[in-house]
Each structure stands twice: as structure tokens, then as C-alpha cells.
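# Results of the structural survey
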Amino acid sequence: MDPASAAAGERYRRVQAAMARRDVGALLLATPHLATFASGARRVQVAGSGAAVPWVVVVRDAAAATVFTPDPDGAPPWMPRSAVERLRWSRDRQLERIAELVAPTRGALACDVFSPAVQRLADASGRPLVDAAPLLAEAAAPRSEGEVALIVDALAAARAGLRAAVAAVAPGARVATLVSHFARAAPPVFGFPLSEGLVWRAGASFTRLDPTTVVEADDVIALEFGLYTNGHAGVVGDTVAATGDRCVAGRRAWSEALCAVAKCCRRGATAADLMVAAAAAGASCEGPLAHGLGVGIEPPLVGGRGEEGVPLAAGTVLVLAPVVERFPATPALFVTDGSPRWLEAAP
Amino acid sequence: MSTSTDPAPLRAARLARLRAAMAAAGHEALLLTAAGGVRYATGAVAVHGDASLESVWPAAAVVTARKTYVFGIDAEHVPGDVEMHPWPAAPASAFADVLAGARRVGVDRLPLALAAALVRALPGLDLSGAETSTLPARRRKTAEEIAILREAQRMNEAAVAQVLPAIVPGRREIELTGHFLAAMAEQGVTACHVEPIWCAIPRRAADAPWTFAGGVAYRELTGDRGLARGDQVMIDTGMLHRGYMSDVGCTWTCGGETTTADRTLRARWQVIVDAVLARCRPGATAAELHRAALMANGPDRPPPWPVPLYLAHGIGLGGVEPPFIGTDLGLEAEEQMVLEPGMVLLLEPYAWEEGLGGYRAEHMIAITDDGFESLSGPPP
């Protein structure tokens with residue numbers, strides 16, 4: 001079995017274990033990356049078709065998730081053929097089939113998005129409908145060495161592309177050109193980019209630049225790019241001046257804050273602990289301080305989203321993104337019981 | 001053109017349609033969290049891309065009969081006449097504040113926990129699917145929307161044309177994605193909304209055992225296989241330009257030299273498209289297009305599109321849209337889908353035959369007052 005399929009199987013077992021711990025009988029997912037996370041299927045939706053109708057149903061103790069998809073060639077090889085069903089464009093038929101799947105189960109129904117139809121399904125069966133987010137967050141770790149290796153590969157691919165984009169930052173360069181350099185330099189992409197690439201002008205505040213913007217001589221440009229390889233995501237960021245200056249002072253201050261935050265990254269530390277360490281080291285609050293990484297951007301999300309008390313689990317992959325003196329950049333690390341393991345060199 | 005916000009006339013036209021549709025659907029307000037929905041309603045540009053990015057940069061729009069609000073989008077990307085808020089620490093109470101007295105509220109992809117908190121914050125709140133408002137509003141495009149779609153399609157076609165010479169023996173399918181994204185970026189388009197497809201079409205059903213029963217053999221996902229001379233490479237690329245999705249599809253023979261089988265299949269595809277186009281006018285039903293495609297494809301052949309995909313679909317801001325023609329919705333439902341001026345359709349039949357392989361391409365049209373206008377060029 002290829003490493004990506006094996007990793008998907010390991011994730012699926014963690015999802016099942018979390019369902020058992022939380023007495024969830026069926027997990028219904030409509031959000032594309034969450035559906036991929038739980039099922040292992042590479043793509044379950046046509047672009048834009050996803051709303052609140054679940055496309056993946058995980059029944060407790062089932063050998064595989066049931067996936068409703070237009071792309072059956074995206075199912076992992078261990079998934080039984082019977083678990084791969086054609087996507088139904090009729091919402092009524094889709095919901096009827098979901099009702100059939102969940103009827104024999106016991107325990108709560110967990111769902112990621114609000115759907116009146118799913119609410120009715122839960123009400124009719126007298127079962128609680130609960131938020132799937134905590135369950136999925138719990139299943140994000142501990143990652144196996146195989147999963148971590150795939151994430152490291154994705155990070156390396158993204159970093160190679162980012163280096164090319166950074167090298168192209170110069171007065172007169174269009175933002176679109178920076179993205180083009182990323183796309184050309186990143187090793188072959190298996191899957192789709194995490195985003196169009198985020199390019200910011202770092203000044204008194206950060207200004208997100210659209211593709212037609214031209215870099216000016218006195219600009220300091222922050223870049224964040226992401227991609228998928230083998231079903232796993234790499235997200236990387238760096239900052240550079242248009243003059244080519246590597247922003248040495250900012251980078252040094254950022255590096256010190258990074259080390260301060262990283263020291264806190266161990267099993268049991270909370271998001272609040274990380275944020276306190278970051279603030280003490282001079283980091284400002286510009287978006288999340290850190291986020292998980294796996295088949296996309298995953299829990300935990302550290303920074304201002306009400307998750308301050310949730311402890312870090314060993315086996316979590318974290319992308320740290322402190323911002324110090326208008327300088328943002330990222331490296332990723334692996335949380336353990338003790339000191340974290342860096343998954344890439346700091347930029 | 002800058003994509004910082006959408007121009008005022010475009011926003012005004014969309015919002016007027018949305019509010020009319022809300023009134024018809026009985027929605028007092030909408031709470032939208034998908035990037036395309038937020039942009040349609042307000043013109044504010046959220047960070048596009050994969051849904052996982054939304055967990056880091058969430059955004060929302062609230063639309064009432066009198067006012068629009070945006071949460072979580074940078075000021076530079078929010079039109080001046082939209083009330084702007086940072087992403088709140090307590091989203092439910094912030095949304096409850098601006099929803100004011102509204103109780104019949106449509107939502108698109110609201111996280112379950114947020115929905116529950118909102119219901120607690122607003123006793124008597126009746127949440128329902130926003131699609132009963134958004135889909136009717138979006139069904140017909142304004143002239144400006146059609147112009148953007150035409151432009152988006154032209155840029156995507158140009159980028160695909162740049163990549164075609166790279167489809168040579170030994171090239172891996174996945175390598176073509178990087179070429180394409182770079183070519184798109186050079187056009188100024190960087191929002192990749194759907195994984196680009198560059199994959200060799202199976203020539204025999206046995207080569208595609210995953211195909212659903214009753215359908216023609218096909219692949220949808222780019223892999224790491226090396227291409228061989230003569231492979232029929234199916235291309236399908238969707239990018240967002242000013243929020244609107246282009247959708248370019250064609251089939252290219254690896255090495256560039258077509259065979260008799262390739263030409264036969266392409267000719268059949270053209271016959272099907274021509275038969276469908278001949279019926280594309282206001283008042284025609286989706287069922288008419290469906291039947292025309294079946295007839296042009298010839299008897300004793302399965303429908304000329306992959307299961308569970310379609311002969312045609314709508315398209316607009318943020319992705320594919322109804323109508324979906326040729327799906328499990330069935331002919332009876334398609335009899336009720338009536339073409340109207342301003343609708344934009346992608347026709348994408350797939351001519352496939354055991355042993356010969358396949359040919360698939362896409363053709364974008366806008367329904368006009370008396371027929372249709374092609375928004376895409378002929379396939380290469």
C-alpha cells in the first residue's frame with residue numbers, strides 16, 4: 001500500500017476511536033477537507049457543489065467511511081468498493097441514503113455544519129446532534145511516523161516553491177509573478193493548492209495584495225503558500241524586503257519569539273500558554289499564532305478563537321507563525337512529551 | 001484589474017437580485033459563510049481556496065432587507081458601503097446583534113456549534129438553507145457577470161494552450177499542474193478552486209474498474225503516471241477570476257499526433273454539442289438538451305457523460321451551480337428546468353467507446369434573448 005493510503009487508514013482508525021470515546025454512532029461531514037480527513041478519499045465534491053448536505057458518513061465500527069463522490073478513482077485502495085457510492089444530486093435521495101446508513105447505529109449523530117435536514121433526522125430518531133469539531137480535533141493526533149513523513153515532504157515542496165517566490169520579490173514584480181515562480185519551482189503537485197497564495201504588504205498593518213499589485217521599492221513583502229502532495233498539506237511563510245534585504249533585525253527578533261513559543265510546545269501545554277510565551281517575546285497578534293497541519297489546515301488553532309484551554313496532544317503537527325516587528329514567517333514542528341521536533345529548518 | 005472589491009454596479013445588481021429572491025423565499029436575513037456567497041452578497045473578497053483555509057481566516061456576511069455586514073475580511077477588500085467588522089471573539093452574539101429582529105434566516109455552511117450558539121442567542125430563530133434564496137438569485141447573470149466569465153474563460157484557455165506542448169511521452173500527469181498554475185498566474189489569475197485534471201483516459205472499461213455501474217469508463221483525478229505517446233489526456237481546469245469560475249476542458253493526444261480513433265471520438269463529441277446547442281434558447285427545457293444529446297450519441301450507447309456527472313451544468317461566482325443536466329435528478333425534474341436569458345451553461349459531453357478511448361471537452365455558453373452566445377472558443 002502506498003504511504004498516503006496507509007496514512008489515510010491510520011487517520012480513519014483515530015476517527016473511529018474518537019467516536020467510540022464520545023459515544024458517537026455516526027459522523028456526517030459536508031466540509032471538503034474534513035470529509036477527506038475522516039474518509040481518506042481524495043475528493044468528494046464537485047467544486048461549488050458543497051453546501052450543508054453531508055457527502056461522507058462514518059458509521060461507528062464500520063470498516064470504512066461511506067463516501068458519496070463523483071471521483072471513485074480517489075478512494076483509497078483499502079476502502080471496500082461498496083463504501084464508494086455515486087454522489088447524488090437529489091438532496092432528498094442523498095438524505096434518504098444517509099438515514100439508511102445511520103438508522104442501525106447507536107449514540108449521538110455528529111455533524112460539522114448546520115443542516116435542517118440532518119437536524120430533522122436526529123430529532124426523528126430521538127438522538128442528540130452534536131458538533132463534530134471536537135471529535136475531529138481529537139482525531140488529529142497522534143500522527144504516525146508515516147503521516148509525519150508525508151507532511152515533511154509537503155513542507156519541503158512548498159518551501160522550495162516559496163524560496164523561488166521570495167527570490168522573485170523585487171521592485172516592479174507583480175504579485176501574480178511571485179505566485180507563478182512558486183508554481184514553477186514547487187515539485188510536482190499531487191492535489192490542489194491550499195490557496196492562491198497569500199501575499200501581504202507589511203507596514204503599519206498587513207495589506208493582502210491581489211495578483212495585479214506591483215511590488216514597490218520600499219515594500220516589505222510577507223508570503224504564505226500552501227500545496228498538497230500525496231494528500232498532505234505543506235504551508236510555509238517568509239518575509240523579505242523588495243530590496244532583497246532579508247530583514248535581519250526582524251528575523252532575529254522573530255527567531256527569538258519562535259524559540260520561546262517552541263519551548264512551550266509539549267504535550268499538555270495549552271494555547272493560552274503558547275500565546276503568553278509569544279506575547280512575552282514581543283510577538284503581536286496577527287491572525288493565528290499556530291495551527292495544526294495534516295490533510296489541510298487542521299486543529300488546533302492557537303490564537304483568539306476560544307480554544308485557549310485545550311491542551312496540546314503529543315503527536316500533533318503545528319505550524320508556528322509568530323509575528324514580531326511586522327515580520328511573519330513559519331516553520332513546522334512535531335509536538336512530543338518533551339522538546340518538540342522541528343520538521344523543517346527555520347527560514 | 002484590481003480584485004480588492006467588486007465594482008459598485010455589479011454589487012448593486014447582484015444584491016438587488018438576492019434581496020428579491022430573499023423576499024420570495026421568505027428569508028428575512030441571510031448569514032453566509034462560504035467565500036463565494038459572501039462575495040456575491042457584498043462584493044467583499046474573502047481569502048479564496050481550500051475550505052481548510054477558512055478555519056484560519058473565517059469570514060461571514062449578513063444580509064438583511066436594508067443593510068449588509070461583513071465579518072473577518074480586511075478593510076481593503078470590503079466595499080465602503082458595507083458595514084465591516086473584524087472576526088468577533090463571540091461570533092454568535094455579534095451575528096445576533098446585526099440580525100436584530102430577523103427570525104427567518106438562511107444559512108449556507110454554518111458550523112454546527114455556531115448555529116447552536118446562535119439559536120441560543122436568538123430565541124425563536126428559524127434557520128433554514130440559504131439556497132432557496134441564493135440559487136434563484138444567481139441563476140441569471142447580469143451582462144457584467146457574463147463579461148467576467150468570458151474573460152475568465154479566455155485566460156484559462158490561454159493558459160491551457162501554453163501547457164499543451166508539455167504533454168509529451170514520459171511527462172508525469174502531475175507535472176502538468178505546476179505548468180498550468182504558473183501559466184495562469186502569468187495571466188494574473190491565482191485562485192485555484194478545483195484540482196486541475198490532466199489524466200490519461202482509459203481506453204477500456206477494464207482500465208477503470210472504479211467506474212460506477214451504467215457509466216462510461218473515466219478518470220477524474222490527476223496521478224503520477226508517466227504519459228505515453230498517443231495517450232488521450234483529458235484536461236479540466238477551474239480557476240477563479242474576480243471570483244467567477246472559468247472551466248476549460250479539452251482532450252489532447254500525448255505527443256500531439258491524433259489517430260483515427262481520436263478524430264472519430266472528437267467528431268462524435270462535436271455532433272453531440274451541436275445537437276444540444278441547436279436547442280439552447282429561452283424556453284427550452286433541460287430535458288430537451290438531455291434528449292438531444294442521447295439521440296446524437298446514437299442508439300445502444302450509454303449516456304455520453306460520466307456517472308454521476310452531467311451533460312451540462314451552470315457556473316458562476318465561486319463554482320458550479322444548477323442546473324445540473326443528466327444527473328440522478330432525472331428527466332422529470334429536467335422538464336421543470338427552463339432556460340432563461342442570462343443563464344450560463346457548461347456543456348461537457350464525453351464520447352467514449354470500448355477500445356477507442358474517449359474525448360471530452362467543455363463549451364461555455366450564455367443564453368441570450370433569442371438563442372445563445374459562446375463564451376469559450378473551440379477546443380484545441
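Residues numbered from 1 in each chain as written. Chains lettered and ligands numbered in written order. Predicted model: local features only at pLDDT ≥ 70, side-chain atom pairs only at ≥ 80, totals over all residues.

## What to know about the sheet that holds strand E17 (residues 372–374) of chain B
Residues and elements named next belong to chain B. Condition: A pair of strands counts as paired when DSSP detects no fewer than two bridges linking them. In this description a helix means any DSSP run of H or I spanning at least four residues, a strand means any run of E spanning at least two, and both kinds are numbered starting from the N terminus. Between the N-to-C directions of two axes lies an angle of 0 to 180 degrees, each axis being a line fitted to C-alpha atoms and, for a helix, fitted only over the stretch in contact.
With respect to topology, five strands assemble into an open sheet ordered E12-E11-E13-E16-E17, the strand pairing being antiparallel. At either margin of the open sheet sits one strand with a lone partner, and together these are strand E12 (319–325) and E17. Strand after strand, the sheet turns through a mean of 35° between neighbouring axes, direction not considered. Pairing analysis gives three bridges linking strand E16 (residues 363–367) to E17, with the strands arranged antiparallel. The partner of Ile367 across the bridge, within E17, is Phe372.

## What about unusual backbone geometry?
To keep things clear, this is the line we draw: Here exposure depends only on C-beta density: within 10 Å of a residue's C-beta, 20 or more other C-beta atoms make it buried, 12 or fewer make it exposed, and intermediate numbers make it partly exposed, the C-beta atoms being placed from the backbone.
In the segment running from Pro299 of chain A into Pro300 of chain A, the intervening peptide bond is cis, with an omega of 0°. In this chain, Pro322 of chain B is followed by Pro323 of chain B through a cis amide linkage whose omega measures 5°. Along the polypeptide, Pro323 of chain B turns up in strand E12. In this structure, Asp23 of chain A takes a positive phi of about 55° despite not being glycine. Note on placement: Asp23 of chain A falls in the loop between helix H1 (3–21) and strand E1 (24–29). Of the residues examined, Asp23 of chain A has 12 C-beta atoms within 10 Å and is grouped as exposed.

## Topic: the sheet that holds strand E3 (residues 68–71) of chain B
Residue and element names in this part refer to chain B. Sheet architecture is open: six strands sit in the order E4-E3-E2-E1-E5-E6, paired in mixed fashion. Whereas interior strands pair on both sides, the edge strands pair on one side only; in this sheet they are strand E4 (83–85) and strand E6 (126–129). Adjacent strand axes in the sheet meet at a mean angle of 20°, parallel and antiparallel pairs treated alike. Taken together, the four bridges between strand E2 (residues 60–64) and E3 define a ladder with antiparallel strand orientation.

## Side note on the nonpolar core
So the rule is basically this: The nonpolar core is taken to be a set of buried Ala, Val, Leu, Ile, Met, Phe, Trp, Tyr and Cys residues joined by way of C-beta atoms within 7 Å.
Formed by 250 residues in total, the largest nonpolar core has its most connected members in Leu27 and Ala38 of chain A together with Val38 of chain B. When residues of this core are assigned to their parent elements, the largest contribution, eleven residues, is made by helix H6 (residues 145–168) of chain A.

## Let's talk about the interface of chain B and chain A
A common way to express how large an interface is: the accessible area buried when the components associate. Condition: Contact definition: two residues whose C-beta atoms, as placed from backbone geometry, lie within 7 Å. Put simply, Ala, Val, Leu, Ile, Met, Phe, Trp, Tyr, Cys and Pro go in the nonpolar bin, Asp, Glu, Lys and Arg in the charged bin, and everything else, Gly too, in the polar bin.
Opposite the 67 residues of chain B that make contact, chain A presents 59 residues. At the level of secondary structure, the elements contributing two or more residues to the side of chain B that touches chain A comprise helix H3 (51–54), helix H5 (112–121), E6, helix H8 (173–186), strand E7 (191–200) and E12 of chain B. For the side of chain B that touches chain A, the leading source of residues is H8 of chain B, giving eight residues. The residue makeup of the side of chain B that touches chain A, split by class, is 31 nonpolar, 21 polar and 15 charged.

## Overview of the domain arrangement of chain B
Residues and elements named next belong to chain B. Short version of the rule: Residue ranges labeled as domains rest on an automatic or database domain assignment.
Segmentation of chain B into domains returns domain 1 (8–138) and domain 2 (143–374). One C-alpha centre belongs to domain 1, the other to domain 2, and the line joining them spans 32 Å. Between domain 1 and domain 2, the residue contacts involve ten residues of the former and eleven residues of the latter. Among the elements that take part in the side of domain 1 that touches domain 2, helix H2 (residues 35–42) stands out by supplying four residues, more than any other. Residue composition of the side of domain 1 that touches domain 2, by class: five nonpolar, three polar and two charged.

## Quick word on the confidence of the model for chain B
To keep it simple, the criterion reads: In predicted models, pLDDT denotes the confidence assigned by the predictor to each residue on a 0 to 100 scale.
With 98% of its residues at a pLDDT of 70 or more, chain B shows a mean pLDDT of 94. Here the complex is predicted with pTM 0.94, and the ipTM for its interfaces comes to 0.94.

## Things to note about the domain arrangement of chain A
Residue and element names in this part refer to chain A. Assigned domains of chain A: these are domain 1 (3–139) and domain 2 (145–342). The gap between the C-alpha centroids of domain 1 and domain 2 is 30 Å. Between domain 1 and domain 2, the contact holds twelve residues from the first and twelve residues from the second. Take the side of domain 1 that touches domain 2: its biggest share by element is six residues, from H1. Per-class residue counts for the side of domain 1 that touches domain 2 are eight nonpolar, two polar and two charged.

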